[in-house]
Amino acid sequence: MKILVINCGSSSLKYQLFDMDKEHVLAKGLVERIGIDGSRIKHTKTGMDAITTETPIPDHKAGIKLVIDSLLDKSHGVLASLDELSAVGHRVVHAGEKFATSVKLDDKVMAALKDCIPLAPLHNPANIMGIDAVIDVLPRIPQVGVFDTAFHQTMPKVAFTYAIPYGYYEKYGVRRYGFHGTSHYYVSRRVADMLGSPIEKLKIITCHLGNGSSITAVDGGRSVDTSMGFTPLAGVTMGTRCGDIDPALVPFISKTENLSIGEVDSLLNKKSGLLGISGVSSDMRDIEEAAGRGDERSRLALQVLVYGIKKYIGAYAAAMGGLDAVAFTAGVGENSATVRSMACEGLEFLGMELDGEKNKVRSEEAVISTDSSKVKILVVPTNEELVIARDTKRLLD
Ligand code: AMP
């Protein structure tokens, strides 16, 4: 069975084609700058060099057609005909409270996702555009939606309720939703497998640290709290997003800098975080390099990030009443030994003992705590696409 996984942004589209018999990736690629000058597709057949083709791609439908052409191409394609394609799985950011698991996409589900646009005005329209484009190009192939918010629907009310007038929850669905759910789900399951313990018995904290970052408390396999909130702006410091701040900063900055609410929102999303503190970059590699050569504000940015991670680990250990494992994933979590070691430093009292040698690992699964560490610390490269492909297969079966 072959399944295509699509992750559609406003001007880009990532794809992977899986052979589900062995869960192998047959091909993957990226369509960039859709509707913008310089649009291109980068396609890689597993085991071969990537091929980049610059060509006008006016909209998502044109992008999907190019993906299909690449998958069917005689030299670097992997499908003899479209009949080999069983289904398409889509990453969708926000399903509100409507879906707690993945679902087959039909008119009713699409209407429900459109209802969620006010909750994710930047992400859901692009996801929906991608789904519509695939349905247009491949009308007979079943489509499945896998939602970033779904895994967190198990959070108890006490964890998702904001202390503002309750009517806003009832009227507008204002509450903590959480994101990166597919990643937290995958990583927590891998932790259980790697430790050889049933997930039902484990209290795990998964730290997804990338450009966007979130930390989740997974108790017995269920998300019970997570650092992102109503939007992906909350939580730990991110590349350009501020993470947790005093909400009174919004009117303060708006008034003192004479900015509209929209402008402040953009400032908190795009000019804050590591970039805002350091003034150097949003990219952790640049921050580590600048901090290493003595740049004070880059060092501060790094410290603010790891201080936040530590506080979440402590808070979630308290929320779960115990802790068995902490896992690091995504670009920073998988690659930065520095961030991992700074984040674990001083948490020995919780039973976390990092092994400096084992921590030198990069982008591969590993237990990086000492043998005697009560709480296991792990690196687990995330694989959201595989979860989407598996869910899609499960729903077809
Ligand atoms: P993601 O959003 O998961 O793609 O993660 C992107 C982040 O991972 C960026 O901030 C990168 O700087 C960071 N990253 C990637 N490779 C490394 C590395 N070798 N060391 C530190 N950070 C890295």
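First things first, this report covers the structure right here in the doc. For clarity, every value in this text was computed on a predicted model and none was experimentally measured.

For the protein, the helix and strand inventory stands at 14 helices and 14 strands. Against the compact-globule benchmark of 21 Å for 397 residues, the protein has a radius of gyration of 21 Å, which places it among compact chains. Projected onto the principal axes, the alpha-carbon positions of the protein cover approximately 60 × 55 × 45 Å. Per-residue burial for the protein yields a buried fraction of 49% across its 397 residues. Charged side chains in the protein number 45 positive and 49 negative. The centres of these two groups are separated by 2 Å.

Another point: the packing of aromatic side chains. For the coordinates displayed, the defined rule picks out seven aromatic pairs. Summarising the aromatic geometry, the rings of Tyr177 and Phe230 are spaced 6.3 Å apart at their centres and angled 40° between planes, so their arrangement reads as tilted. Placement of Tyr177 in the loop between helix H5 (167-172) and helix H6 (181-195) and of Phe230 in the loop between strand S11 (222-226) and helix H7 (249-256) is noted, with a sequence separation of 53 residues between them. A residue is classified by how much of its surface remains accessible, and Tyr177, at 2% relative accessible area, is buried. Chaining the aromatic ring pairs together yields one cluster made of Phe160, Tyr166 and Tyr169. Here the guanidinium or amino end of Arg175 rests over the ring plane of Phe160, the centre of that ring lying 3.5 Å away.

Near the ligand lie 13 residues; those nearest to it are Asn211, Asp283, Met284, Gly331 and Val332. In this structure, an oxygen atom belonging to the ligand sits 3.0 Å away from a main-chain N or O atom of Met284. Val332 places a main-chain nitrogen or oxygen 3.3 Å from an oxygen atom of the ligand. The set of elements that each furnish at least two residues to the shell around the ligand consists of helix H10 (284-292) and helix H12 (330-335). The element contributing the most residues to the shell around the ligand is H12, with four residues.

Parameters and conventions
Residues numbered from 1 in each chain as written. Predicted model: local features only at pLDDT ≥ 70, side-chain atom pairs only at ≥ 80, totals over all residues. Heavy atoms only, no water. Helix = DSSP H or I, 4+ residues; strand = E, 2+ residues; numbered from the N terminus. Rg over C-alpha atoms; globule rule 2.2 N^0.38 Å. Buried < 20%, exposed > 50% of the residue type's maximum accessible area, 1.4 Å probe, protein only. Lys, Arg positive; Asp, Glu negative; His and termini not counted. Charge placed at Lys NZ, Arg CZ, Asp CG, Glu CD. Phe/Tyr/Trp six-rings, centres within 6.5 Å; stacked < 30°, edge-to-face > 60°. Lys NZ or Arg CZ within 6 Å of the ring centre and 35° of its normal. Near = heavy atom within 4 Å. Polar contact = N/O pair within 3.5 Å; in protein donor to acceptor, adjacent residues only side chain to side chain.

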